Number of protein chains: 2
Amino acid sequence: MSETLEQSLARAAPDLPPALRAAIAARSRRVRVGDGYRLFGPGDRSENFLIPLSGTVRVEHMGPGGRSVVLYRVAVGESCVMTTSCLLSGADYAAYGYAEGDVEALALPARAFRDLVEQDPAFRSLALGVFSQRIIELVDVIDELLLHRVDLRLAGWLVERGGGEATIGITHQAIAAELGTAREVVSRILKEFERRGWVGLNRGEIRLLDPDALGRFAANR
Amino acid sequence: MSETLEQSLARAAPDLPPALRAAIAARSRRVRVGDGYRLFGPGDRSENFLIPLSGTVRVEHMGPGGRSVVLYRVAVGESCVMTTSCLLSGADYAAYGYAEGDVEALALPARAFRDLVEQDPAFRSLALGVFSQRIIELVDVIDELLLHRVDLRLAGWLVERGGGEATIGITHQAIAAELGTAREVVSRILKEFERRGWVGLNRGEIRLLDPDALGRFAANR
DNA sequence: TGCGCGATGGTGACCAGGTCACAGACCGGC
DNA sequence: GCCGGTCTGTGACCTGGTCACCATCGCGCA
């Protein structure tokens, strides 16, 4: 891959103005990590504005008891603002970022971020848009946690995550982290779904036998 | 009160550069509402960037079942970004804003907000800072909700809210909304605190008899 | 003054979900 | 084929949320 940063960015974020892509590429470095790699976490001081070129970044919060929730995902061409936020507000990180799939990303240093905000109107609206988006997503997470009824949420999550595919490869523990609940709860509910014939269970995988029934069940919320 | 908007803003936000204060004041209108007034809510289309001059604005999220949580408070000189966020990201409101105390505020229309972001570096950093701050606060709320142990959280909340005062005037229902739990739960726990001699209860008020004990209890988290 | 009504608080019964403890199943490497 | 770690299943138990209902208070008003 002898592609320049700018070319990579053009593929990942074709909507950005070319001048902005050039400006970002000029001050970023390329980061490549494998599936599951921890890109950032509490205590790190590597304040970068991350822009995935391939793969996504899962941003999780971990509470004191070790339980965690997925706050949001950073898709290709979007950007993660957690680190930037903490930098700007002076607070410490409250989140971990993990690679999902092999991730290639641009890392724009905090200094360059500030400069671009000053100089480039398109970058400003990009940054503000991303911040807004994250705020909305966080409120959605809060809504989910308040609403609970884990069985309904799990059913909905399965259908959404399945996205037409017949099988989902994931552990119960990982699902628990997605939903902000405990592993045992996920196991119990999945077992119940299996009894009803909605899913088939194997180690590390879930077969969706009746996505429609799951969808209807989830819609009872 | 024949004070100009600019003078009011100078009192509320003395740290802002005078030129920025003038620019904000020039395009804002003054809003005055009484305690408890609903400043915004889902479905409204009055996109304003609110800057309280006196009183604070409580931003609450309400879930489908009618249960609510306080997301954050906007203090004097700060600003609420919920409406702005929704505007920028195209999503619908997920929150209500209520006046706490008699609130006087500047309302800066969305259009003016965008213009100021473009033109004024100080306003840009103000806006980005506020967004960052809110993100951190939302993650804190998520942390609290995950951690639960409502009795510990309630004890901590009482001490913090009391702030040295001997009495807090508030209903159990309102406390439940603060913590994102149910009224009955608050009543039960407060009753237990009363049995232990930590608080005294009267309709609409809570006397803190032993804040130290409450503090120690909360610290067990 | 006393009546009525809405807001507030108290309580018991019950269910959902989280925690703890532990066992069994599976999987890869040696 | 054995052994370790990882993943899953399950029962016992506790906390918290929901529901139903009543008691009490404050206040306006006949």
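Our subject is the structure listed above.
Residues numbered from 1 in each chain as written. Chains lettered and ligands numbered in written order. Predicted model: local features only at pLDDT ≥ 70, side-chain atom pairs only at ≥ 80, totals over all residues. Heavy atoms only, no water.

A. Main features of the pairing of strand 4 (residues 68–74) of chain B. All names here are of chain B. Buried residues dominate strand 4, accounting for six of its seven residues. As paired elements, strand 3 (residues 48–62) and strand 4 share six bridges and run antiparallel to each other. Note on strand 4: the bridge partner recorded for Val-59 is Tyr-72. (Buried < 20%, exposed > 50% of the residue type's maximum accessible area, 1.4 Å probe, protein only. Helix = DSSP H or I, 4+ residues; strand = E, 2+ residues; numbered from the N terminus. Pairing = 2+ DSSP bridges.)

B. Up close: empty space enclosed by the protein. Applying the stated criterion to the full structure yields two cavities of 30 Å³ or more. Computed from the structure, the largest cavity encloses a volume of approximately 50 Å³. Along the walls of the largest cavity sit Val-117, Arg-124, Ala-127 and Leu-128 of chain A together with Val-117, Arg-124, Ala-127 and Leu-128 of chain B, which together make up its complete lining. Among the elements of the structure, helix 5 (121–147) of chain A together with helix 5 (121–147) of chain B are those that each provide at least two residues to the lining of the largest cavity. (1 Å grid on protein atoms, 1.4 Å probe; cavity = no way out; pocket = protein on both sides within 12 Å on 5 of 7 lines; lining within 4 Å. Points joined across faces, edges and corners; volume = space filled by probe spheres on them.)

C. Layout of the protein's contact with DNA strand C. In the vicinity of DNA strand C lie 17 residues, with Val-150 and Thr-181 of chain A together with His-172, Arg-183 and Arg-203 of chain B positioned nearest. The sugar-phosphate backbone supplies 50% of the atoms of DNA strand C found within 4 Å of the protein. Val-150 of chain A places a main-chain nitrogen or oxygen 2.7 Å from a phosphate oxygen of DNA strand C. Contacts to DNA strand C include Arg-203 of chain A, whose side-chain N or O atom sits 3.2 Å from a base oxygen. Secondary structure elements with two or more residues in the surface near DNA strand C: helix 8 (183–195) of chain A together with helix 8 (183–195) of chain B. Top element by residues in the surface near DNA strand C is helix 8 of chain B. It accounts for four residues. Partitioned by chemical class, the residues of the surface near DNA strand C number two nonpolar, five polar and ten charged. (Near = heavy atom within 4 Å. Polar contact = N/O pair within 3.5 Å; in protein donor to acceptor, adjacent residues only side chain to side chain. Nonpolar A, V, L, I, M, F, W, Y, C, P; charged D, E, K, R; others polar.)

D. Inspection of the protein's contact with DNA strand D at higher detail. If you check the shell around DNA strand D, you find 18 residues, and the closest are His-172 and Arg-203 of chain A together with Val-150, Thr-181 and Arg-203 of chain B. Of what DNA strand D places within 4 Å of the protein, 48% of the atoms are sugar or phosphate. Residue Lys-191 of chain A places a side-chain N or O atom 3.1 Å away from a phosphate oxygen belonging to DNA strand D. Elements with a contribution of two residues or more to the surface near DNA strand D: helix 8 of chain A together with helix 8 of chain B.

E. Examining the environment of Ile-51 of chain A more closely. With respect to the helices and strands, the residue Ile-51 of chain A is situated in strand 3 (residues 48–62). Taking the C-alpha atoms as reference points, Ile-51 of chain A and Arg-203 of chain A, separated by 152 residues in sequence, lie 34 Å from one another.

F. How the structure looks around the nonpolar core. The biggest cluster of nonpolar side chains holds 98 residues, and the ones touching the most others in it are Ile-24 of chain A together with Ile-24 of chain B. Every residue in contact with Ile-24 of chain B, bar those within four places of it in the chain, is listed here: Leu-9, Leu-16, Ile-51, Leu-106, Leu-108, Leu-116 and Phe-123 of chain B. (Core = buried A, V, L, I, M, F, W, Y, C linked by side-chain atoms within 4.5 Å. Contact = heavy atoms within 4.5 Å.)

G. Representation of the interface of chain A and chain B within the structure. Every contact between the two is made by 37 residues of chain A and, on the other side, 37 residues of chain B. Carbon and sulfur atoms make up 78% of the area that chain A and chain B hide from each other, which totals about 3,300 Å². Three residues stand out in chain A for area buried against chain B, namely Leu-128, Ile-135 and Leu-146 of chain A, and they jointly supply 20% of the buried area on that side. For the salt bridge of Arg-124 of chain A with Glu-118 of chain B, the shortest nitrogen-to-oxygen distance reads 3.0 Å. At the boundary of chain A and chain B, one finds four residue pairs in polar contact (both at pLDDT 80 or more). Going through the elements one at a time, strand 3, strand 4 (68–74), helix 3 (82–89), helix 4 (110–119) and helix 5 of chain A are the ones with two or more residues in the side of chain A that touches chain B. Tallying contributions element by element places helix 5 of chain A first for the side of chain A that touches chain B, with 17 residues. (Buried area = accessible area lost by both parts, 1.4 Å probe. Salt bridge = Lys/Arg side-chain N within 4 Å of Asp/Glu carboxyl O.)

H. Looking closely at the packing of aromatic side chains. Residues and elements named next belong to chain A. Scanning the entire structure with this criterion turns up 15 aromatic pairs over all chains. A centroid spacing of 5.7 Å and a plane angle of 80° characterise the contact between Phe-193 and Phe-217, whose relative ring orientation is edge-to-face. Of this pair, Phe-193 sits in helix 8 while Phe-217 sits in helix 9 (residues 211–218), and the two are 24 residues apart along the sequence. The residues Phe-193 and Phe-217 share a single accessibility class, namely buried. Aromatic ring contacts, followed pair by pair, group Phe-49, Phe-113 and Phe-123 into a single cluster. (Phe/Tyr/Trp six-rings, centres within 6.5 Å; stacked < 30°, edge-to-face > 60°.)

I. Molecular detail of helix 7 (residues 172–179) of chain B. All names here are of chain B. Restricting attention to buried positions, one finds in helix 7 the residues Ile-175, Ala-176, Ala-177, Glu-178 and Leu-179. Structurally, helix 7 contributes buried residues whose contacts are with strand 3, strand 4, helix 5, helix 6 (150–162), helix 8 and strand 8 (205–208). Positive backbone phi, at 75°, marks Gly-180, one or two positions downstream of helix 7.

J. Local environment of the relation of the copies chain A and chain B. Least-squares fitting of chain A to chain B yields an RMSD of 0.0 Å, with the transformation described by 0.0 Å of translation along the axis and a rotation of 180°. Both chain copies can therefore be described as sitting about a two-fold axis. Interface residue correspondence from chain A to chain B reaches 100%, placing this contact among same-surface, isologous pairings. (Least-squares fit on C-alpha atoms with pLDDT ≥ 70 in both.)

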